[in-house]
Structures are given as structure tokens and as C-alpha cells.
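# Coordinate analysis (summary)
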Protein chains: 2
Amino acid sequence: MAELYVVGIGPGAYEKMTVEAEQVLRRCPVIAGYQVYIELIREYFPQKNFLATAMRQEEERCRMALDAAQAGEDTAMICSGDSGVYGMAGLILQLLEEGNWPDVKVQIIPGVTAALAGGALLGAPLTNDFAVISLSDLLTPAEEIQKRLRGAAIGDFVVCIYNPSSRKRKDYLKKACEILLEYRNPDTVCGLVSQIGRQGQRMEILTLNQLKDRETDMFTTVFIGNSRTRKIGKYMVTPRGYRLTKMSGEEERQG
Amino acid sequence: MAELYVVGIGPGAYEKMTVEAEQVLRRCPVIAGYQVYIELIREYFPQKNFLATAMRQEEERCRMALDAAQAGEDTAMICSGDSGVYGMAGLILQLLEEGNWPDVKVQIIPGVTAALAGGALLGAPLTNDFAVISLSDLLTPAEEIQKRLRGAAIGDFVVCIYNPSSRKRKDYLKKACEILLEYRNPDTVCGLVSQIGRQGQRMEILTLNQLKDRETDMFTTVFIGNSRTRKIGKYMVTPRGYRLTKMSGEEERQG
């Protein structure tokens with residue numbers, strides 16, 4: 001009986017990992033993951049057996065990790081950001097259904113996803129309700145993505161976009177902006193963050209109309225404000241209705 | 001010149017805090033926050049000057065923290081979950097506009113929000129696009145919340161609900177479920193998680209129809225699956241279209 005931990009390591013910088021993720025990685029003799037993410041953490045965890053696979057080999061990577069755990073070694077499968085949000089947790093749980101790894105106990109360890117890490121760099125874009133949408137149509141049909149964008153626009157959600165474009169999908173972000181522009185003001189405050197917590201980190205605040213013509217890459221996370229999002233100094237802020245007077249309402253919890 | 005860090009401490013358990021949050025709290029002589037959150041961390045950080053305020057005193061709390069930093073002491077303002085998602089980061093940046101704290105440098109430190117921590121306990125509900133909605137109408141008009149619910153339903157988003165109800169708002173979750181039931185199957189897979197990472201943590205997977213009549217509290221986070229969300233064993237999983245065959249598409253980044 002061994003453990004397979006599916007671990008969100010955060011956006012990239014070591015210190016954005018949770019204490020729990022760090023403890024799990026120290027404890028496990030085997031660490032599996034996409035080779036780029038393995039390189040982000042390798043120096044901090046010497047003496048590990050690293051199982052790295054190339055991009056697009058998600059299923060093979062998951063099977064390797066499950067096999068290692070089934071063989072009796074506690075194994076950590078790392079994901080960038082969170083382990084659930086577009087991460088490997090779902091695939092691991094789907095594979096378990098096959099029944100081939102009866103001695104593996106799976107634990108999902110959450111992490112700071114790009115929406116949160118990028119939001120913190122831009123200011124506070126997510127202080128009110130928000131939607132997270134991936135523009136990658138690798139695993140989701142394009143019509144479904146468009147339906148999501150319309151639903152988010154109708155609901156006046158702040159929208160956080162993952163995988164806004166890549167070499168083969170240069171105009172996806174433009175199309176997404178065009179859909180949102182049917183509902184939202186061209187001056188809507190938007191933000192871009194690239195390489196969060198990694199070398200070359202940069203960010204920018206711009207309008208929805210400017211965003212439409214901006215080229216991005218798959219290491220960029222995009223934030224599109226709702227109708228109330230403002231630029232305050234150098235920050236992108238979505239107010240939550242705090243009236244800057246003492247609160248008189250009922251109890252409420254935070255995020 | 002002193003720093004004011006707005007720090008997301010995660011859902012409650014110490015180890016769900018990021019390494020960065022822990023480092024910041026160790027470094028700052030002053031820690032401000034809602035008294036319940038201060039109690040969650042007090043034992044780990046002895047010798048600090050704690051500035052605790054009661055519920056509903058968000059603005060007073062933020063002003064105290066800004067004043068402490070303006071007086072020259074590095075200060076950490078703690079938020080449960082993430083510092084941005086329904087957290088204090090937005091209010092701090094709005095207050096800065098008043099110009100009363102010219103020597104304060106603000107830094108926002110992200111944390112694991114309840115959507116991620118709760119999702120990890122339930123399995124992998126957020127592997128596809130999702131929307132986060134608070135049902136508290138303390139700071140958002142009820143009509144706006146309903147518009148959000150409809151937008152999320154139209155977009156077939158997985159929906160994560162914060163503040164589903166409280167003593168004075170007993171039927172809010174029921175109303176939200178009724179709106180979603182106009183668009184979604186009554187058998188839609190849903191999940192409840194309470195007291196994430198704290199004593200009394202519990203979870204449940206149930207249908208949307210069952211969820212409608214369930215009483216919750218403000219320490220519960222609710223997950224409503226999309227049209228493809230399934231129950232796999234004891235887990236709630238939203239597949240992402242992984243066909244369990246080798247991928248042949250283009251590159252893509254994770255969460």
C-alpha cells in the first residue's frame with residue numbers, strides 16, 4: 001500500500017508552494033511530472049527518483065506515477081498551479097476506475113492556481129464573482145468555449161483566461177475578446193500576467209479593446225474585468241461594494 | 001517606509017499556507033486580522049503584536065493595519081483562503097487612494113482559496129471551466145447574484161458557491177439551486193465541504209435535487225457539477241475530455 005499524492009506546486013517560485021506540498025515532496029522518494037515542472041523544483045529535492053515525461057503525454061505520465069505507487073513507493077505527481085484546476089487530479093481518478101492499481105491510495109494536495117497568483121500581482125481583480133475559462137480547444141470543443149464566454153459575459157463575471165493562445169491558436173484571444181465586446185464596454189479594465197513567479201515575470205493593465213489585438217502565449221494569464229472593475233493607481237481592482245463606511249450587515253466568510 | 005502584506009493563509013490548517021505566507025508572518029512584528037483567523041495561527045507565531053477586530057469591521061481592520069505600517073512596522077493583514085478572492089486586498093487598495101498612508105508599500109500574497117481546498121477533498125470537480133459565486137447579498141444586490149447564477153448555468157460552468165447561507169439567509173442556497181435546476185438535470189453531481197482544514201471537517205456528494213433542500217452554514221463551500229461531472233467511486237470528478245488515449249493535439253499549460 002503506497003500513497004500517490006497529486007500535488008499543486010503553485011505558479012513556479014518555490015515559496016509559492018504550500019507547506020504541505022513541500023512536506024509531501026520531501027517525503028516521497030518518487031516525483032513524477034511534466035519535465036518543465038520537474039526542472040522548476042529539482043534543485044530543492046536532490047536524491048529523488050524523477051519520472052519526467054514530455055508535453056502531451058499526460059496519460060502516460062499518470063500511468064507511470066500510478067505504477068510507481070503500486071510498486072510500493074510513495075509517489076508525488078506534480079502539477080503547476082493547482083492539482084485540480086486543469087490539473088492531473090481528474091485524470092488520475094478516472095484512471096483508477098480501471099482497477100489496475102488496487103494498492104494505491106490517492107491524495108489530492110491543492111496549490112495556488114494562476115488566477116490567484118496572477119491576481120495578486122495585478123492587485124485585486126477577483127474580489128467579486130469570477131469565472132475561469134481555458135481557451136485551449138485541445139480537450140474542449142470550440143463551441144463549448146464560446147458558450148462559456150457568453151455565459152460569463154451575461155453574468156458580468158470577472159473572467160480569468162488560461163491558455164489564451166499558442167503558436168497554432170494565435171487568434172483565440174482576439175475571438176474571445178470580440179465575444180465579450182458584444183456585452184462589455186471597450187474600456188473595460190483588463191490585465192495580463194506572464195511567467196508568474198518565474199524568470200521574466202511581467203504584467204500589464206490595459207483596456208478590453210487593446211487586449212483584443214495583443215499577442216500572448218501559453219505562459220500568460222488574462223484577466224477581463226467586470227462592469228465595476230477599476231484601475232486604481234497601478235492596480236486592477238474589482239470593488240466588492242464596500243462602501244468605505246462601517247459594515248452593518250450580517251456575518252460573512254472570506255475566500 | 002514599511003510594508004503592508006495582505007496575506008492569504010489558506011483554508012485554516014497551518015500546512016495549507018504557502019511557504020511565502022509563513023515567511024512573511026515570521027518576519028512581520030504586527031499581524032492584523034479578523035479575530036477567528038488570528039486564533040487559527042496565534043500558536044505558531046508567538047511574540048507578535050496581534051491587532052484583531054470583530055466580524056463586519058473590515059474597514060476598521062484595514063485602517064488599523066495601514067496605520068501600523070505607516071507608523072513604521074512591517075505588518076501582515078491576514079485573510080482566510082486567498083487574499084484576493086472575497087478577501088481584503090481590494091479594500092486595502094481602495095483605501096490607499098485616500099492618500100493617508102504615503103509611506104506604506106502594499107504587497108498581495110496569494111493563498112489557497114476554498115474552491116481549491118474543497119475541490120481537492122471532493123476529488124477533481126474543477127478540472128474544467130468554473131465560476132465562483134458568493135451568495136452573500138451583504139455587498140452585492142440579490143438581482144446581481146441571480147444574474148451570475150443564470151450566466152453560469154447558461155455557460156455550463158461548474159459552479160463553486162461561497163457563503164451559501166447563514167442564520168438570516170436560510171433559503172439562499174435553495175433559491176440558487178432552483179435557478180440552476182431550470183437549466184441543469186436534477187441528478188447533476190454536487191458536493192458540500194465544511195470546515196475545510198479545520199476541526200469538524202466533513203464532506204458529502206449528492207445530487208442537485210438533494211442539495212436544494214440541504215441546510216448549510218457560512219463555513220460550507222458548495223460545488224455544483226456541469227453536465228459532464230460524474231461520481232467516480234467516492235469522488236466528484238469533472239472530466240476534461242481526456243480520452244484516455246495518447247494526446248495528439250497541441251501544447252497547453254496547466255492550472
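Each chain has its residues counted from 1, running along the sequence as written. The lettering of chains begins at A and the numbering of ligands begins at 1, in the order of writing. Local features are withheld for residues below a pLDDT of 70 in this predicted model, meaning they are given only at 70 or higher, and side-chain atom pairs are given and counted only at 80 or more; totals for whole chains, interfaces and linings count all residues. Values reported for side chains reflect all heavy atoms of the structure, with hydrogen atoms and water molecules removed beforehand.

## Digging into the overall build of chain A
- The way it works is that DSSP assigns letters per residue, a run of H or I at least four long becomes a helix, a run of E at least two long becomes a strand, and they are numbered from the N terminus. Helix and strand counts for chain A come out as eight helices and 13 strands.
- On C-alpha atoms alone, chain A measures out to a radius of gyration of 20 Å, which is about the 18 Å that the 2.2 N^0.38 rule sets for 255 residues.
- Taking the principal axes of the C-alpha coordinates as reference, chain A spans close to 55 × 45 × 35 Å.
- When contacts within chain A are restricted to residue pairs at least 6 apart in sequence, long-range pairs at least 24 apart make up 69% of them.
- In this tally, Asp and Glu contribute negative charge and Lys and Arg positive charge; neither His nor the terminal groups of the chain are included. To locate a charge, take atom NZ for lysine, CZ for arginine, CG for aspartate or CD for glutamate. Charged side chains of chain A number 31 positive and 32 negative; the gap between the two group centres comes to 7 Å. The globule rule used here is 2.2 Å times the number of residues to the 0.38 power, and the radius of gyration it is set against is calculated over C-alpha atoms. Contacts are assigned to residue pairs with any non-hydrogen atoms lying within 4.5 Å of each other.

## Re the sheet that holds strand S6 (residues 123-124) of chain A
Residues and elements named next belong to chain A.
- For two strands to be treated as a pair, DSSP must find at least two bridges joining them. Strand order in the open sheet formed by three strands is S6-S13-S12, and the pairing between neighbours is mixed. Every interior strand has two partners, whereas the edge strands, S6 and strand S12 (230-232), have only one.
- The sheet contact formed by S12 and strand S13 (residues 235-237) spans three bridges and is antiparallel. Note on S13: the bridge partner recorded for Lys231 is Met236.

## Side note on the interface of chain A and chain B
- Opposite the 99 residues of chain A that make contact, chain B presents 99 residues.
- Of the roughly 9900 Å² buried between chain A and chain B on both sides combined, carbon and sulfur atoms contribute 55%.
- Salt-bridge detection follows one rule: a side-chain nitrogen of Lys or Arg within 4 Å of a carboxyl oxygen of Asp or Glu. Summed over the shared surface of chain A and chain B, the number is nine salt bridges.
- The closest approach of N and O atoms between B:Arg228 and A:Glu144, which form a salt bridge, is 2.8 Å.
- Under the rule applied, a polar contact is a pair of N or O atoms within 3.5 Å (in protein, one hydrogen donor and one hydrogen acceptor; residues adjacent in sequence only if both atoms are side-chain atoms). Between chain A and chain B we count 27 residue pairs in polar contact (both at pLDDT 80 or more) in total.
- Nonpolar residues are Ala, Val, Leu, Ile, Met, Phe, Trp, Tyr, Cys and Pro. Charged residues are Asp, Glu, Lys and Arg, and all others, Gly as well, are polar. In terms of residue class, the side of chain A that touches chain B is built from 41 nonpolar, 29 polar and 29 charged.
- In this sheet, strand S7 (residues 130-134) of chain B lies alongside strand S7 (residues 130-134) of chain A in antiparallel orientation, the contact comprising three bridges. Within S7(B), the position partnered with A:Phe130 by the bridge is B:Val132. Summed over both partners, the accessible area (1.4 Å probe) lost when two parts come together is defined as the buried area.

## Section: the packing of helix H6 (residues 142-154) of chain A against helix H7 (residues 172-181) of chain A
All names here are of chain A.
- Comment: axis = line fitted to C-alpha atoms, over the contacting stretch for helices; angle = value between 0 and 180 degrees taken between N-to-C directions. Look at H6 against H7: their axes get within 9 Å of each other, and the N-to-C directions meet at 35 degrees. The chirality of how H6 crosses H7 is right-handed. On H7, the residues touching Gln146, Leu149, Arg150 and Ala153 of H6 are Ala176, Ile179 and Leu180. What makes a crossing left-handed is the near helix being turned counterclockwise from the far one by less than a right angle; a clockwise turn instead makes it right-handed.

## Here's the deal with the confidence of the model for chain A
Residue and element names in this part refer to chain A.
- Each residue carries a pLDDT score, the predictor's own confidence in it, on a scale running from 0 to 100. Taken residue by residue, chain A gives an average pLDDT of 91. The fraction at 70 or more is 94%.
- pLDDT under 50 marks residues 244-251. Its contacts with residues more than four places away, or in other chains, come to 27 contacts.
- Across the predicted assembly, pTM comes out at 0.94 and ipTM at 0.94.

## Focus: the pattern of salt bridges
- Tallying each qualifying case throughout the model produces 33 salt bridges over all chains.
- For A:Arg26, the salt bridge identified is with A:Glu22, shortest N-O distance 3.7 Å. Placement of the pair is A:Arg26 and A:Glu22 together in helix H1 (residues 19-27), with a separation of four residues, close to one helical turn.
- The residue A:Glu39 makes a salt bridge to A:Arg42 at a minimum N-O spacing of 3.2 Å.
- Each residue gets one of three labels from its accessible area relative to the maximum for its type: buried under 20%, exposed over 50%, partly exposed in between, using a 1.4 Å probe on protein chains only. Taking the relative accessible area as the measure of exposure, A:Arg42 reaches 37% and is therefore partly exposed.
- Among the ionic contacts, a cluster of salt bridges with common partners joins A:Asp129, A:Asp156, A:Arg184, A:Arg228, B:Glu144 and B:Arg148.

## A word on the sheet that holds strand S5 (residues 104-109) of chain B
Residue and element names in this part refer to chain B.
- Sheet architecture is open: five strands sit in the order S3-S2-S4-S1-S5, paired in parallel fashion. Two strands lie at the open edges of the sheet, namely strand S3 (49-53) and S5, each paired on one side alone. The sheet shows a mean angle of 20 degrees between the axes of neighbouring strands, direction not considered.
- Relative to S5, strand S1 (residues 2-8) is paired through six bridges, and the arrangement is parallel. Residue Leu4 lies in a different strand from S5, and its bridge partner there is Val106.
- In the packing of helix H1 (residues 19-27) onto the sheet, contacts are made with S1, strand S2 (30-34), strand S4 (75-79) and S5, and the angle to S1 comes to roughly 140 degrees.
- Packing of helix H3 (residues 58-70) onto the sheet brings it into contact with S1, S2, S3, S4 and S5, and relative to S4 it is tilted by some 160 degrees.

## So, helix H6 (residues 142-154) of chain B
- The span expected for a helix works out to 1.5 Å for each residue beyond the first. In this model, H6(B) (13 residues) spans 18 Å end to end at C-alpha, consistent with the 18 Å of a helix rising 1.5 Å per residue.
- Among the residues of H6(B), B:Glu144, B:Ile145, B:Arg148, B:Leu149, B:Gly151, B:Ala152 and B:Ala153 are the ones counted as buried.
- Along its buried surface, H6(B) packs onto H6 of chain A together with S7, strand S8 (158-162) and helix H7 (172-181) of chain B.
- At the exit of H6(B) stands B:Asp156, carrying a positive phi of roughly 55 degrees.

## Considering a nonpolar patch on the surface
- Patches here: salt-bridge-free residues with over 30% relative accessible area, like charges joined within 9 Å, nonpolar side chains (Val, Leu, Ile, Met, Phe, Trp, Tyr) joined within 5 Å. Accessible areas in this description were obtained via Shrake-Rupley with a 1.4 Å probe; residue shielding takes into account the shown protein chains only. The grouping of A:Ile154, A:Tyr183, B:Ile154 and B:Tyr183 at the surface amounts to a nonpolar patch, some 330 Å² of accessible area in total.
- Inspection of the secondary structure assignment puts A:Tyr183 in the loop between H7 and strand S9 (189-194).

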